[in-house]
Amino acid sequence: MIFGRGSLKQLRHLRRYRRILRVLIKYGFVQILDQLKLYGLWERLFVRRIRRSGDIPHHLEARLRAALEELGPAFVKVGQLLSTRTDLLPPSYINELSRLQEKVPPFPTAKARQILEAELKAPLPLCFKEFDPEPIAAASIGQVHRAILPGGEEVAVKIKRPGVDQQIKGDLAILTELANLVDRTTNLGAVYRFSNLADELRLVIMRELDYQHEGRNAQRFRQNFTDNPYVYIPKVYWSHTTHNILTLEYREGLSLNRYFQDPAPVQPPGRIAESLTVTFFKQVFSDGFFHGDPHPGNIAILPDGRLFFMDFGAAGFINEELRAKFSLIFRAFQSVDTAAIVDELLNLTESPPLVNRSELIRDVGRIQEQYFNVPLRTINLGEAVQNIMSVAVKHRLRFPHEFLLLARALVTLEGTVARLDPEFSIAGVLEEYGPSLKSRQIRFVTRRVRRTMRSYYRLLEEIPERTVEILRETAAGELKLKVDVLRTESALRTLENMLNRLAFSIVLASLIIGLSQNLRLDNVTWLTRFPVGEAALIGAGMAGLWWLFAIIRSGRF
């Protein structure tokens, strides 16, 4: 139940909230909304039920995808990010959400010109020598135009769609409020912590809305691949880049999507597959900074055979510690040390308070049995990652966003390489990084031992002081113990709801009985001159409505 709860500032989203409810009801999500406490009395009165039309998909996964597409940019982005959460959603939802498309027409060129002049604070002819009014690409957040700078450089200008910032921020505020509500009112919230997930999604989406942030990503990639024989990263023109505009170097090339349809003689498929794989592992293990969405539409082949990357909004950063944890898991997997894999998984992920470690070891052991004595070169890495994710879903382990982005990038890369050269082994290239992984593992274990020794040393220093404090509080009778009984809050909330309903029923019954008694006092003459019954009826109605509104507003009816 949303309305009547929270601050009045949420009323500004009233119209949008109604729109969201109407779309979700249209695609048949009333029962789920009700289970999540998002479709209470006010919503039933406020939003009219909508009959489902014949073109609505039958499968729940397809209906979810269609609903997100209809709700607009913020929900499309949320769906795309959720398609990476293999630790939360089953494969059927992941596959369907991965098909999300941003089906929007381009906005008028006059509006694009107005935005450019406002952002660059100069007339368009002074900003660009030439500007193509027809966009070469359009999406829900922005569109891209070709242009030529005054110095003659050919560029691609990415312009953010007008009003998209406000729309997405409003939708994210609604999603955050809904997530907080689900956490407060349902048992699922205590398990999955939807508010944390909403905050994470909000952070990622807000970064993608900032074109300066995407420009910094592109510049960092360009620095990492300076003079690289396999890859070319476009230059960022900061003089023509703002929060709402991104200007990158334009190069003519053949996109991988077009290459799949009609392979060009520029580069053989096997060579492209090798270049993609070597480039990916360089980003992960050497640079610690990788392209998070390397699908064929974001990669082109230049006339000289180099790969040309585009769209740097989704980029992942892996620090040294995270890379070391990956290497520990990888080494433990190779040595068939199941207990070590489980320990590192629990260190890497956010786990619930109670984890059945023995069962987790058995599940991971089953995965290892599939690859026992199997050469690394023949292992399907994407399949192995998906198997680990399925175990994580079962035991409610939450991976960090960077790991999930990396997993999606790996699966995307493996699919692209398989289309280019089915015989090429990604895992074979990974073998070349074995020595560096081993050295990184040794350095990380050494640092971990040092940190552990320092922690024990601080603990030894604090034990005497803490012991004296506990003894003093015990002697003074001031020692306090905090006991937190699991699921108490849910039981108390249910009991409170029952008492509120019982109290409301008693009050209504009492008012009705009292009113009926008053109406029978016709023999008292002075009462006939005053409308006692009517006054009592009005008072009863007002009191009953006030009581009902108070309970509904508290969200405990």
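Novice: It is not clear to me how the overall build of the protein should be interpreted in this structure. Could you clarify?
Specialist: Helix and strand content of the protein: 24 helices and 11 strands. Considering the protein as a whole, with its 557 residues, one finds that 43% of them fall into the buried category. Long-range pairs, those at least 24 residues apart, make up 69% of the contacts in the protein with a sequence separation of at least 6.

Novice: Got a minute to help me understand the pattern of salt bridges in this structure?
Specialist: A pair can form between side chains of opposite charge whenever their charged atoms are brought close. Applying the stated criterion across every chain yields a total of 20 salt bridges. The salt bridge partner of aspartate 171 is arginine 16, with a shortest N-O separation of 2.7 Å. You can see aspartate 171 sitting in helix 9 (residues 164–185) and its partner arginine 16 sitting in helix 1 (residues 14–26), a full 155 residues away along the chain. Between glutamate 249 and arginine 251 there is a salt bridge; the shortest N-O distance is 3.1 Å. The class of glutamate 249 is buried, set by a relative accessible area of 12%. One continuous salt-bridge network, built from bridges that share partners, spans Glu359, Asp363, Arg366 and Lys394.

Novice: Please explain empty space enclosed by the protein as it appears in this structure.
Specialist: Where empty space is left can be seen by rolling a probe of water-molecule size over the atoms. The tally for this structure, following the rule as stated, stands at 4 cavities of 30 Å³ or more. In this structure, the second largest cavity occupies an estimated 50 Å³ of space. Lining the second largest cavity are Leu276, Thr279, Phe280, Gln283, His291, Pro294, Phe309 and Leu413. If you tally residues by element for the lining of the second largest cavity, the top one is helix 14 (residues 269–287), at 4 residues. Considered class by class, the residues forming the lining of the second largest cavity number 5 nonpolar, 3 polar and no charged.

Novice: Sorry, what's going on with the side chain of glutamine 283 here?
Specialist: Inspection of the secondary structure assignment puts glutamine 283 in helix 14. Setting aside anything within four residues of it in sequence, one finds glutamine 283 in contact with Phe221, Phe225, Gly288, Phe289, Phe290 and His291.

Novice: Is there a simple way to think about the sheet that holds strand 9 (residues 299–301) in this case?
Specialist: Within a sheet, adjacent strands bond to each other through the backbone by hydrogen bonds, running parallel or antiparallel. With mixed pairing, the 4 strands of this open sheet are ordered in space as 5-10-9-7. This sheet does not close on itself; its edge strands, each paired only once, are strand 5 (231–232) and strand 7 (254–255). In the sheet, strand 7 pairs with strand 9 via 2 bridges, with the strands oriented antiparallel. Following the sheet pairing, serine 255 is matched in strand 9 by alanine 300. Along the sheet, helix 14 contacts strand 5, strand 9 and strand 10 (307–309); its crossing angle with strand 10, the most-contacted strand, is approximately 50°.

Novice: Please clarify how a nonpolar patch on the surface should be interpreted in this entry.
Specialist: On the surface, a cluster of nonpolar side chains totalling about 420 Å² of accessible area is made up of Tyr456, Leu459, Leu460 and Ile463. Checked against the element boundaries, leucine 459 lands in helix 21 (residues 434–475).

Novice: In this structure, what is going on with the packing of aromatic side chains? I would like to understand it.
Specialist: As enumerated under the stated definition, the model contains 7 aromatic pairs in all. Pairing phenylalanine 221 with phenylalanine 312 gives two aromatic rings, centres 5.7 Å apart and planes at 35°, and the pair type is tilted. Within this pair, whereas phenylalanine 221 is found in helix 12 (residues 211–224), its partner phenylalanine 312 is found in the loop between strand 10 and strand 11 (315–317), the two being separated by 91 residues in sequence. The two residues phenylalanine 221 and phenylalanine 312 agree in class, both being buried. Among the aromatic residues, ring-to-ring pairing joins Phe221, Phe289 and Phe312 into one connected group.

Novice: Hey, could you run me through unusual backbone geometry in this one?
Specialist: Most peptide bonds adopt trans geometry, and most residues besides glycine take a negative phi value. Backbone geometry places lysine 121, a non-glycine residue, at a positive phi of 55°. By secondary structure assignment, the location of lysine 121 is in the loop between helix 7 (109–120) and helix 8 (124–127). According to the relative accessible area criterion, lysine 121 is exposed, its value standing at 72%. If you check the backbone angles, arginine 396 has positive phi at about 60° while not being a glycine. Arginine 396 sits in the partly exposed class, given a relative accessible area of 41%.

Novice: Sorry if this is basic, but what is going on with the confidence of the model for the protein here?
Specialist: Residue-level pLDDT values for the protein average 78, and 75% of them are 70 or greater. A low-confidence stretch, residues 1–8 (pLDDT under 50), is modelled with 26 contacts involving residues beyond four sequence positions or located in other chains.

Definitions and cut-offs
Residues numbered from 1 in each chain as written. Predicted model: local features only at pLDDT ≥ 70, side-chain atom pairs only at ≥ 80, totals over all residues. Heavy atoms only, no water. Helix = DSSP H or I, 4+ residues; strand = E, 2+ residues; numbered from the N terminus. Buried < 20%, exposed > 50% of the residue type's maximum accessible area, 1.4 Å probe, protein only. Contact = heavy atoms within 4.5 Å. Salt bridge = Lys/Arg side-chain N within 4 Å of Asp/Glu carboxyl O. 1 Å grid on protein atoms, 1.4 Å probe; cavity = no way out; pocket = protein on both sides within 12 Å on 5 of 7 lines; lining within 4 Å. Points joined across faces, edges and corners; volume = space filled by probe spheres on them. Nonpolar A, V, L, I, M, F, W, Y, C, P; charged D, E, K, R; others polar. Pairing = 2+ DSSP bridges. Axes fitted to C-alpha atoms, helices over the stretch in contact; angles between N-to-C directions. Patch = residues over 30% accessible without salt bridge, like charges linked within 9 Å, V, L, I, M, F, W, Y side chains within 5 Å. Areas by Shrake-Rupley, 256 points an atom, 1.4 Å probe, with all protein chains shown as cover. Phe/Tyr/Trp six-rings, centres within 6.5 Å; stacked < 30°, edge-to-face > 60°. pLDDT = per-residue confidence, 0-100.

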